[in-house]
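What the coordinates show
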Amino acid sequence: MIYLDNAATTKPNNKILEAITPYIEKLWQNPSSVSPESKEIKNKIEEVRELVANSIGAKPNEIFFTSGATESNNWVLRGFQDNYKNRKCHIITTPIEHNSIISCLEGFDGNYSYCKIDEKGIVNRDNFKEMLSKLYEQDIKILASVIFGNNEIGTIQKIKDLSNLTHKHFGYFHTDATQVFGHIPIDVDDLGIDLMSCSSQKLNGLKGTGFLYKREGVRIKPLIYGSQENGMRGGTENVIGIIALGEAIKQINYDREINIKKVRDYMIDGLVEMFGCKVNGSRTQRLFNNISVTFPQKIKGEELLEMLLLHNVYCSSGSACNSYDNKPSRVLSAIGLTDEEINKTIRITLSGYETMSYIDIILLIFEESIKILSSRNEV
Ligand code: PMP
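Residues numbered from 1 in each chain as written. Predicted model: local features only at pLDDT ≥ 70, side-chain atom pairs only at ≥ 80, totals over all residues. Heavy atoms only, no water.

Observations concerning the overall build of the protein
Basically, it comes down to this: Going along the chain from the N terminus, every DSSP run of H or I of four or more residues is numbered as a helix, and every run of E of two or more is numbered as a strand. Values of the radius of gyration come from C-alpha atoms, whereas the globule rule sets the reference at 2.2 Å times the count of residues to the power 0.38. Accessibility here uses a 1.4 Å probe with only protein chains present; expressed as a share of the type maximum, an area under 20% marks a residue as buried, one over 50% as exposed, and anything in between as partly exposed. By definition, residues are in contact when any of their heavy atoms lie within 4.5 Å. Areas reported here follow the Shrake-Rupley algorithm with a probe of radius 1.4 Å; residue values treat only the protein chains shown as occluding. We score Asp and Glu as negative and Lys and Arg as positive, and we do not count His or the chain ends. A single reference atom marks each charge: NZ on Lys, CZ on Arg, CG on Asp, CD on Glu.
Each helix and strand in the protein was counted, giving 14 helices and twelve strands. For the protein, the C-alpha radius of gyration of 21 Å lies close to 21 Å, the compact-globule estimate for 379 residues. Taking the principal axes of its C-alpha atoms as reference, the protein extends roughly 70 × 55 × 35 Å. Here the protein, with 379 residues, has 55% of them falling under the buried criterion. Counting contacts in the protein only where the partners sit at least 6 residues apart, residues at least 24 apart contribute 70% of the total. Accessible surface for the protein amounts to roughly 17000 Å². Of this, 51% is attributable to carbon and sulfur atoms. Charge-centre separation for the protein: the mean point of 44 positive side chains lies 3 Å from the mean point of 48 negative side chains.

A look at helix 9 (residues 239-250)
Note the cut-off: Between the first and last residue of a helix there are one fewer steps than residues, each counted as 1.5 Å, and that sum is the expected span.
The terminal C-alpha atoms of helix 9 lie 17 Å apart, and with twelve residues this matches the ideal 16 Å at 1.5 Å per residue to within 8%. Most of helix 9 is tucked away, with ten of its twelve residues classed as buried. Looking at the buried side of helix 9, the elements it contacts are helix 1 (14-20), helix 2 (22-25), helix 3 (36-55), strand 2 (63-66) and strand 8 (210-214).

Points about the sheet that holds strand 8
Condition: Here a strand pair is declared whenever DSSP counts at least two bridges between the two strands. Lines fitted to C-alpha atoms define the axes, with helix axes restricted to the stretch in contact, and inter-axis angles between N-to-C directions lie between 0 and 180 degrees.
Read from one edge of the open sheet, seven strands run 2-8-7-6-5-3-4, paired in mixed fashion. This sheet does not close on itself; its edge strands, each paired only once, are strand 2 and strand 4 (112-114). Averaged over all adjacent pairs, the angle separating strand axes in this sheet is 20 degrees, with direction ignored. Of the strand pairs in this sheet, strand 3 (residues 89-93) and strand 4 are connected by three bridges, and their pairing is parallel. Each bridged residue has a counterpart across the sheet, and for Ile91 the counterpart in strand 4 is Tyr112. Along the sheet, helix 3 makes contact with strand 2 and strand 8, crossing strand 2 at roughly 115 degrees.

Considerations on the side chain of Asn289
If you trace the backbone, Asn289 turns up in the loop between strand 9 (278-279) and strand 10 (290-294). What Asn289 contacts, discounting residues up to four positions off in sequence, is Asn6, Ile260, Arg264, Ile348, Thr349 and Leu350.

As for the packing of aromatic side chains
Note the threshold: Ring pairs are drawn from Phe, Tyr and Trp, using the six-membered ring of Trp, whenever the two centres fall within 6.5 Å, and their geometry is named by plane angle: stacked under 30 degrees, edge-to-face over 60, tilted for the rest. Here, a charge over a ring is recorded when the distance from Lys NZ or Arg CZ to the ring centre is within 6 Å and its angle to the ring normal is within 35 degrees.
As enumerated under the stated definition, the model contains ten aromatic pairs in all. With 5.2 Å between their ring centres and 80 degrees between their planes, Phe181 and Phe211 make a pair best called edge-to-face. Taken as a pair, Phe181 in the loop between strand 6 (172-176) and helix 8 (188-191) and Phe211 in strand 8 lie far apart in primary sequence, 30 residues in all. Members of the aromatic cluster, each reached through a chain of ring pairs, are Phe80, Tyr84 and Tyr172. Directly above the ring of Tyr172 sits Lys141, whose terminal nitrogen or CZ lies 4.1 Å from the centroid. Note that Arg256 overlies the ring of Tyr353, its terminal NZ or CZ placed 4.9 Å from the centroid.

Things to note about the pairing of strand 12 (residues 345-349)
For strand 12, a buried count of five out of five residues is recorded, marking the element as mostly surrounded by other parts of the structure. Neither face of strand 12 is exposed, since Thr345, Arg347 and Thr349 on one face and Ile346 and Ile348 on the opposite face are all buried. In the sheet, strand 10 pairs with strand 12 via five bridges, with the strands oriented antiparallel. Directly across from Thr294, in strand 12, lies its bridge partner Thr345.

This is the structure:
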C-alpha cells in the first residue's frame, strides 16, 4: 500500500501497540476505582497529561483529554457561549475551518461571523482587526477561533499575530491545531494561545482520542458533564487512547519533518512540471506534508483517485470527513476555486517515510493513470 492520506489518519506503529497491550490484557480496570491496578492506571494517565503539557509548554492542569479534535472544537464554541450567555458574546472564525467548527456554529443559534481570507487561505489581518474593534467597542466578549494549519490546503496562519490582536481586544484565542500538533513545535505561551484542540490520530496515535488545552483562568463551561477531568469532561477515560497518545508524543521527531518538506516540494515540482498542476494554498506558509493540486486535464479527481487505488495508491479529494457528502469542498470554494476546478483537485499528505525515488515511482503511476483517463474522456 502506498498510503498518501496521512492528514486523514496515520498508522499506529509497533511501539504504540506494545504500549497499549498491558492496558488491554492486565490493566483494564476503571481508573477511578480504588484497586492498586486502578491507581496504577490513574498514575499513567497523569504521566501522559504531563507529557502532553510539556510538549506544548503548558501545565498539566491545563490539559483535558477528549474524544478528539471534533469534541474539543465543539466544547470550546459551546462552552464559551454557555459561559457568557448572560452578556453579549461573539465568535470570529474563518470560512476554512474544519467541519466540526462550521457545523457546530451553524447547528445552534450562536453569534458568529467569518473574517475574510485571501486566495491562499491566509486570514486578512485588516478585516480581522476591524471585526475585533467593532465588537470591543460594543463591549462584546470575543472568542476568535482560527485553524492553525488547514487540513485541505495546508495553509498555516500567523497565530502569534492573530492572538496578539485578539488579546488587545480582551478576547480569547482558540486554534484548531489538529494538523500541526506533533509536526511543528508549539509553545502556547509564546504563541498566545488560550485554547487549543488536538487529535491523537494525526501523529500515529489512535482514533477517538485527543485533548483540549485550556489556559488556566479561561472560562468556558463543560460540554460533557461528569466527574472526570476535574469535573470539566465527564466519562470514564479512554485509557488505551491516552496511553497511545503518550507513546506518540515520545516519538515526535521535528527533524524528520524538515525532510518531509524536501520530499513534499520535490513532489509538488514534479506534479507542476509533468502535468501543469495548480498548487492550492500557500507555498511558503504550508504544512510540511501537504500537497493540494488541481489538474488541468479532462479528468475528475474522483476518477483519478479510483485509478490510483487500482495501483494501491491512497490519496483523497480533500478532507476525509467530507468524502461522503457530495458537496464541493467549502475550503476550496472559499479560496476561489470553481466547482469544476474543485472536481479536479486532489490532496496528497505524506507520512515522512517517502524518499525522492519513491516519489518518482508515484509520479509515474500518476502519469499512467492520467494518460488512460484523459484518452477515455476525449472519446
Ligand atoms: N480539525 C482538523 C483540522 C482535522 O483535520 C480533523 C480530522 N480530520 C479534526 C478537526 C477532527 O479530528 P477528530 O476526527 O479526531 O475528532
